[in-house]
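Letter by letter, the chains look like this.
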Amino acid sequence: MSEEKLELAEEHTIVDPMAAIQEKVRACMQCGTCTGSCANSFAMDYTPRQLWRMLQLGLTDELFNSKTFSLCSSCYYCTLRCPRGLPLTEAIHSLKQLAVARGISEKKGSRFYRTFVETVRRYGRVREMELMARYFLSMKSPILPLSFTPLGVKLMLKGKVSPEMPKLYGPGKLDAIFRKVEQVEGSS
Amino acid sequence: MKYFYYSGCSLEGTALEYNISTQAMMRALGIELLELEDWTCCGASAAESISDLLSLVLPARNLALAEQMDMDCDFLIPCSACYLNLRKVDERAKKEEGLLDKINEVLGEEGLGYHGGIKSRHLLDVIVTDIGPEMIRSQVKRELSGLRVALYYGCQALRPYGGYDDPEQPRCMEPLIEALGAEVHDWTMGAKCCGAGLMTTKKEVAIELTSSLLEAAKGADCIATVCPMCQMNLDSYQKKASEVKQENLSISVFYLPQLIGMAFGLGEEDLKLGLNMAYTNSLKAKLAEYRVGITQQ
Ligand code: SF4
Ligand code: SF4
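Residues numbered from 1 in each chain as written. Chains lettered and ligands numbered in written order. Predicted model: local features only at pLDDT ≥ 70, side-chain atom pairs only at ≥ 80, totals over all residues. Heavy atoms only, no water.

When helices and strands are counted, chain A shows 11 helices and 0 strands. Mapped in sequence order, the helices and strands of chain A form the string α-α-α-α-α-α-α-α-α-α-α. The buried share among the 188 residues of chain A stands at 44%. Within chain A, residue pairs in contact and separated by at least 24 positions form 61% of the contacts whose partners lie at least 6 positions apart. (Helix = DSSP H or I, 4+ residues; strand = E, 2+ residues; numbered from the N terminus. Buried < 20%, exposed > 50% of the residue type's maximum accessible area, 1.4 Å probe, protein only. Contact = heavy atoms within 4.5 Å.)

As structure tokens, this is what we get:
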């Protein structure tokens, strides 16, 4: 292969996203400091330490079936304390992205994120009440909204939530940027 | 002093009182805030769960707008999640070669571009570092003596990017509270997580976290926060938390600028204490002694 061709080939190497996440935790020595620091580990089926081990071993199915990464609240404690300095919260975000991309993400969480991002795309900013309404619509759940009702009503009584978007932010506000992101990410 | 001001989505809605009190406090201190008219959402914690590039482009768009203004100012951000997102752009661009080019390829769609170097700073950082307790003290009109405040920093104001305080045992608010004449509640929960976005997606788990925080705050008259998400989680689910712990855990949860504003003698139109969900009657009575929130004629 000529040098030029080689360069081209390199540019188009498709990076396996899973491999990139595995790389982030490759140096984990299983000390458990992350688990000990995690406020949410009590509710997880696998602890953060176990999650990294599963990643290292490439146990993809178990990993995506676990509740662990959807229970991360991005507090950055594990990242702060890991003696190996590993970007753990970032690894979890990458797992969430991959789960959404592969359509295997846990429904409730990913619906909420999608609804949120869709609102940003349309209006540029987020109005909480509109966001909640859309989210519950997408859940098609008549019961779930009730668990939020006290808050919703209180917010309305306080006059904090206005359903109106400022005029500046007509529908499609950030369409161009979103399309381009999809294009750039799709080609890399 | 002058800053670009990024209020962010929450401060236009559920955290309106944070927005109004921050601006009023800054006015009282003679500090100018420049809001960018066309700012857009930073992506909150949702964008990063969907696309890495999107989670960088959304905050970078705002930095690009500020860069266009061609002024030597830092970006002042009251919301911890927005702060993290805006600051992340520069922190990651420093480490990842070509990242800004990729971001700019997208921003180019709107004729925008960002070249790095605008400092994104949390409101708390600006208050403790640039303003400082002495300048605060000089504006105090009514000392909040006898008011015991639990100082709550939360996560993302300090982690992963802080640099102005210890990310595990933060104490930077203490001298400020003392400058107001108030007392600091002794606890170790200042940097613990409130559950953040889990309150929407995994409510039971988040309630566990907030109820532990509220339990530890017992003995304080109020909690001071510097993040809309923390404030909402601590302020709006107290009934649920009280059920979990089987005791009354109601307590007022203020934004730091509201507390500072009380001591500055600002009126209700600047403090908006009426917008906080939990504003307990016992505290109202106590604050009445300082004549807090009484609109000045
Ligand atoms: S703290 Fe770091 S090294 Fe220790 S188990 Fe967790 S990821 Fe591995
Ligand atoms: S960032 Fe996520 S995984 Fe890490 S300690 Fe916090 S909640 Fe746990």
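This part takes up the site of ligand 1. Residues and elements named next belong to chain A. The environment of ligand 1 is formed by 13 residues, the closest being C28, C31, G32, C34 and C82. For the shell around ligand 1, the secondary structure elements donating two or more residues are α3 (33-37) and α4 (48-57). Tallied by class, the residues present in the shell around ligand 1 amount to 8 nonpolar, 3 polar and 2 charged. (Near = heavy atom within 4 Å. Nonpolar A, V, L, I, M, F, W, Y, C, P; charged D, E, K, R; others polar.)

Moving on, we get to the sheet that holds strand β8 (residues 252-255) of chain B. Residue and element names in this part refer to chain B. Taken together, the 4 strands give an open sheet; going across it, the order is β6-β5-β7-β8, and neighbouring strands pair in parallel fashion. Of all the strands in the sheet, the pair left with one neighbour each is β6 (183-184) and β8. Contacts between helix α9 (residues 228-236) and the sheet are confined to β7 (222-225) and β8, with β8 contributing the most and set at about 170° to the helix. (Pairing = 2+ DSSP bridges. Axes fitted to C-alpha atoms, helices over the stretch in contact; angles between N-to-C directions.)

All told, the structure shown has 25 salt bridges over all chains when counted by the stated rule. The partner of D52 of chain B in a salt bridge is R92 of chain B, and the shortest N-O contact between them spans 2.9 Å. Residue D52 of chain B is located in helix α2 (residues 52-69), and its partner R92 of chain B is located in helix α3 (residues 80-95); the two are separated by 40 residues in the primary sequence. Residue R92 of chain B is classed as buried on the basis of its relative accessible area, which comes to 8%. Of the charged contacts, one joins E174 of chain B and R171 of chain B as a salt bridge, the two residues approaching to 2.8 Å between their closest N and O atoms. On the accessibility criterion, E174 of chain B (16% relative accessible area) is buried. Through salt bridges that share partners, K173 of chain A together with D38, R61 and E110 of chain B make up one connected network. (Salt bridge = Lys/Arg side-chain N within 4 Å of Asp/Glu carboxyl O.)

In the sheet, strand β1 (residues 2-5) of chain B pairs with strand β2 (residues 32-35) of chain B via 4 bridges, with the strands oriented parallel. Bridge assignment links Y5 of chain B to a residue of β2 of chain B, and that residue is E35 of chain B.

Now for the packing of aromatic side chains. According to the stated counting rule, one finds 6 aromatic pairs over all chains in the structure shown. Ring geometry for F64 of chain A versus F69 of chain A: centroids 6.0 Å apart, planes at 85°, classification edge-to-face. For the pair F64 of chain A and F69 of chain A, one class covers both residues: buried. Taking the ring centre of W39 of chain B as reference, the NZ or CZ of R125 of chain A above it sits at 3.6 Å. Sitting over the ring of Y77 of chain A, R159 of chain B keeps its end group 3.8 Å from the ring centre. (Phe/Tyr/Trp six-rings, centres within 6.5 Å; stacked < 30°, edge-to-face > 60°. Lys NZ or Arg CZ within 6 Å of the ring centre and 35° of its normal.)

What follows deals with unusual backbone geometry. Both trends apply: most residues other than glycine have a negative phi, and most peptide bonds are in trans. In the segment running from R159 of chain B into P160 of chain B, the intervening peptide bond is cis, with an omega of 0°. Position of P160 of chain B relative to the elements: it lies in the loop between β5 (148-151) and α6 (174-179). In the Ramachandran plot, Q30 of chain A falls in the positive-phi region, its phi being about 60° despite a non-glycine side chain. Among the structural elements, Q30 of chain A can be located in the loop between α2 (17-24) and α3. Given the relative accessible area of 22%, Q30 of chain A is considered partly exposed. For Y76 of chain A, which is not glycine, the phi torsion reads 65° and is therefore positive. Tracing the chain through its elements places Y76 of chain A in the loop between α5 (60-65) and α6 (77-81).

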